[in-house]
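Commentary on secondary and tertiary structure
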Amino acid sequence: MIENAQLIGLSRQIALQRQMDVVANNIANLNTTGFKAEQILFEEYVMPEARHNDFPSLDQPLSYVQDWATVHDLAGGAIVQTGNELDVALNGDGFFAVQTAAGERWTRAGAFGLNNQGTLVDQSGNPVLGNGGPIQFGPEETGITIAADGTVSSSAGAKGQLRIVEFANAQELVREGANLFSGGTPGFNTNTRVMQGHIERSNVSGVTEMAEMIRVQRAYESVASLAQKQDEMRRNAIQRLGDTNA
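Bear in mind the structure is a predicted one, so any value in this text is a computation, not a measurement. Per chain, residues are indexed from 1 in the order of the written sequence. For a predicted model such as this one, the threshold for reporting local features is a pLDDT of at least 70, and the threshold for listing and counting side-chain atom pairs is 80 or more; totals across whole chains, interfaces and linings nevertheless cover every residue. Only hydrogens and water are set aside when side-chain values are computed; all heavy atoms of the structure are taken into account.

**A closer look at the sheet that holds strand S13 (residues 157-161)**
Selection rule: Strand pairing is assigned whenever DSSP detects at least two bridges linking the two strands. By definition, any uninterrupted DSSP run of H or I lasting at least four residues is a helix, any uninterrupted run of E lasting at least two residues is a strand, and each is numbered from the N terminus.
Pairing is antiparallel across the open sheet formed by 3 strands, whose spatial order is S11-S12-S13. Single-partner strands in this sheet number two, and they are strand S11 (145-146) and S13. With 4 bridges connecting them, strand S12 (residues 151-154) and S13 associate as antiparallel partners. By the bridge assignment, Ser154 is partnered in S13 with Gly157.

Below, the structure written as structure tokens:
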């Protein structure tokens, strides 16, 4: 019985450790442009019951804690005006498309720039995709403007249109490094509008995440204290049994 209690407590500690990792990652990206927070979901895992005809009564089912999945918090972050003509925010549920070495990826981080070849790139140097491919500028071009529908122009005229994709179920997206997502089934942009000269800040609430970190830490310490008391109970039981047999 003591062993069962310890195993249940251990399952809770493992789940809390995973939750702490998620909270810590959210806090670390508090100031990351376009970052979307994560939340973790738990579920009850009921251990199959052991049954035998020789048992005086049926065993009790044991309930363990299992971290079932993480979900994306896709709520919009605060949109801040920067005045930089290459800063772009999205007002809506869409994502920018960028080209990486591993294929197309999706991001909400719109702090763009130009590389040495005049290609519009994200902060990791990945080309930002338009509907016709990467968007290219010449060295003499000035006055870059980006319309609400993503149409890009400069002193040389129209340069293309930013490829904005939307997803019927954005929870299918897989989070990768460098503030990128992969997977999902990208669809056409229907409701997202582009805001030039703005960036979308992280949607992480520092106060909420710090409070959650404290709560998780206290819960972990409580379970650890319970495990220590169970160890003491076992030692006392063994000692008393040994004294009785002696």
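**A closer look at the domain arrangement of the chain**
Counted only if it meets this: Source of the domain bounds: an automatic or database domain assignment. Residues are treated as being in contact if the distance between any of their heavy atoms lies within 4.5 Å. Buried area, as used here, totals the accessible surface that two parts lose on assembly, with accessibility defined by a 1.4 Å probe and the loss added over both. Here, a salt bridge means any Lys or Arg side-chain nitrogen found within 4 Å of an Asp or Glu carboxyl oxygen. Think of it as three bins: nonpolar holds Ala, Val, Leu, Ile, Met, Phe, Trp, Tyr, Cys and Pro, charged holds Asp, Glu, Lys and Arg, and polar takes everything else, Gly as well.
Per the domain assignment, the segments making up the chain are domain 1 (1-74 + 204-244) and domain 2 (78-201). For domain 1 versus domain 2, the distance between C-alpha centres works out to 41 Å. Contact with domain 1, which involves 11 residues of that partner, is made by 13 residues of domain 2. A combined buried area of about 1,200 Å² lies between domain 1 and domain 2, and 48% of that area is made up of carbon and sulfur atoms. Among the residues of domain 1 in contact with domain 2, Thr33, Lys36 and His72 are the three that bury the most area, contributing 54% of the side total. Where Glu38 meets Arg175, a salt bridge forms, and the shortest distance between an N and an O atom there is 3.3 Å. Broken down by class, the residue content of the side of domain 1 that touches domain 2 amounts to 4 nonpolar, 5 polar and 2 charged.

**A word on the side chain of Glu166**
This is how it is decided: Buried, partly exposed and exposed residues are distinguished by accessible area as a fraction of the type maximum, computed with a 1.4 Å probe on protein chains only: under 20%, between the cut-offs, and over 50%, respectively. Charged residues are defined here as Lys and Arg on the positive side and Asp and Glu on the negative side; His and the ends of the chain fall outside this count. In protein, a polar contact requires one atom able to donate a hydrogen and another able to accept it; more generally it is a pair of N or O atoms within 3.5 Å, and residues adjacent in sequence count only if both atoms are side-chain atoms.
Examined against the element boundaries, Glu166 turns out to sit in strand S14 (residues 164-167). The side chain of Glu166 sits in the buried core without any salt bridge; Arg193 is the nearest counter-charge, 6.5 Å away. Side-chain polar atoms of Glu166 contact the backbone nitrogen of Asn191, separated by 3.0 Å. In this structure Glu166 touches Gly94, Thr185, Pro186, Gly187, Phe188, Asn189, Thr190, Asn191 and Thr192, once residues within four positions along its chain are discounted.

**What about the UniProt feature "domain: Flagellar basal-body/hook protein C-terminal" (unreviewed entry) in the chain?**
Selection criterion: UniProt positions are given in the numbering used here, feature names are shortened, and annotations may be inferred rather than shown by experiment.
Here, UniProt's "domain: Flagellar basal-body/hook protein C-terminal" (unreviewed entry) annotation points to residues 195-239. Annotated as 76% helix and 11% strand, the span residues 195-239 places its first and last C-alpha atoms 72 Å apart.

**Examining the nonpolar core**
Put simply, the rule is: Joining through side-chain atoms within 4.5 Å is the link that ties buried Ala, Val, Leu, Ile, Met, Phe, Trp, Tyr and Cys residues into a set, and such a set is a nonpolar core.
Grouped together as the largest cluster of nonpolar side chains are 17 residues, with contacts concentrated most on Val88, Phe96, Leu120, Val152 and Leu162. When contributions to this core are tallied by element, the ones reaching two or more residues are strand S4 (88-91) and strand S5 (95-100). Dropping the residues within four chain positions of it, Val88 is found in contact with Phe96, Gly110, Phe112, Ile146, Leu162, Val194, Met195 and His198.

**Comments concerning the pattern of salt bridges**
Applying the stated criterion across every chain, the model contains 7 salt bridges. Close ionic contact of Arg105 with Glu176 constitutes a salt bridge, the shortest N to O distance being 2.9 Å. Within this pair, whereas Arg105 is found in strand S6 (residues 103-107), its partner Glu176 is found in strand S15 (residues 174-176), the two being separated by 71 residues in sequence. By relative accessible area, Arg105 is classed as buried at 13%. Under the relative-accessibility criterion, Glu176 is labelled partly exposed at 31%. Through salt bridges with shared partners, one network takes in Lys36, Arg108 and Glu200.

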